[in-house]
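# Coordinates in review
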Amino acid sequence: MDGEQLAGWLEGLGLADQLGAAGLPSFERDLGGVARWRDPGTGAPLTDDQLADLDRVLHQDGDDPAHAVPLALVQLRRRAEVRAGLLASPTHTYASLAEVRGVSENAARFAVHKAAERGALLVVPHDGGVLVPAFQLDEDGELRPELAAVLEPLLASTMDPWQVWTWLTQPAGLLGGLVPHEAVRDADEAPIVRHAAVRLAERATR
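First, a word on what this report is: a plain description of the structure on this page. In this text, all values refer to a predicted model and were calculated from it rather than measured experimentally.

### Examining the overall build of the chain
Helix and strand counts for the chain come out as nine helices and five strands. Sequence-ordered secondary structure for the chain, helices as α and strands as β, is α-β-β-α-α-β-α-α-β-β-α-α-α-α. For a compact globule of 206 residues, the expected C-alpha radius of gyration is about 17 Å, and the chain comes in at 22 Å, more than 25% above that figure. Based on the C-alpha atoms only, the size of the chain along its principal axes is roughly 60 × 40 × 25 Å. Within the structure as shown, the chain displays about 11,700 Å² of accessible surface, and the carbon and sulfur contribution to it stands at 51%. Distance between charge centres in the chain, computed from 18 positive and 31 negative side chains, equals 5 Å.

If you want it as structure tokens, here you go:
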């Protein structure tokens, strides 16, 4: 493929926006609609050889290069979509959590940090600050008791907080498609959720 065909192919797959996140050359369309490819390191236009190399990289997955899909970009897009969904769900800042708990913002910040240190609260870094996902809290802003034994192994593992947030709030294969934080409310399902969390944490630290 030439640069224009490659750009059109990626746009058709909805993957053009993931190039930069993958550390690959990316393109912008000029006023005439022509794709202009740039080297991510230098910002210089890509040479024909560089475009050919990029083409090979993007078509290396699958048995038939002509119809291959760049799986790394698909995974990045999926991760971005999941993250956008998480950010759209209810979360707390120190200030909003302080309001729910009826304490000062400084007191809320201190309590959040101490709880996070002992693996008793999921705290997610975002935009230079932190978010406290609301699903894990009760109406008083405190950790739901049934989640404590689920969070502990996950937060003690090498899992990224975003991964923990995703697993707890999405249908989980280890649970037959149940959503962990919802399933753990059921006394019959709670031991299974806790066991799944331990297995996931062990797998992450291998």
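Once you've had a look at it, read on.
### With respect to the environment of threonine 93
By the element assignment, threonine 93 lies in the loop between strand S3 (91-92) and helix H4 (94-101). Note: C-alpha distance between threonine 93 and proline 133 (40 residues apart in sequence) is 9.0 Å.

### Here's the deal with the layout of surface pockets
Its boundaries defined by the atoms lining it, the largest pocket holds a volume of some 330 Å³. Arg79, Val82, Trp162, Gln163 and Thr166 are the residues nearest the centre of the largest pocket, which is lined by 13 residues in total. Among the secondary structure elements, those contributing two or more residues to the lining of the largest pocket are helix H3 (71-88) and helix H7 (161-169). Broken down by element, the residue count for the lining of the largest pocket peaks at six residues, all from H3. Class assignment for the residues of the lining of the largest pocket results in six nonpolar, three polar and four charged.

Parameters at a glance
- Residues numbered from 1 in each chain as written.
- Predicted model: local features only at pLDDT ≥ 70, side-chain atom pairs only at ≥ 80, totals over all residues.
- Heavy atoms only, no water.
- Helix = DSSP H or I, 4+ residues; strand = E, 2+ residues; numbered from the N terminus.
- Rg over C-alpha atoms; globule rule 2.2 N^0.38 Å.
- Areas by Shrake-Rupley, 256 points an atom, 1.4 Å probe, with all protein chains shown as cover.
- Lys, Arg positive; Asp, Glu negative; His and termini not counted.
- Charge placed at Lys NZ, Arg CZ, Asp CG, Glu CD.
- 1 Å grid on protein atoms, 1.4 Å probe; cavity = no way out; pocket = protein on both sides within 12 Å on 5 of 7 lines; lining within 4 Å.
- Points joined across faces, edges and corners; volume = space filled by probe spheres on them.
- Nonpolar A, V, L, I, M, F, W, Y, C, P; charged D, E, K, R; others polar.

Interpretation in functional terms is not warranted from these geometric data alone.
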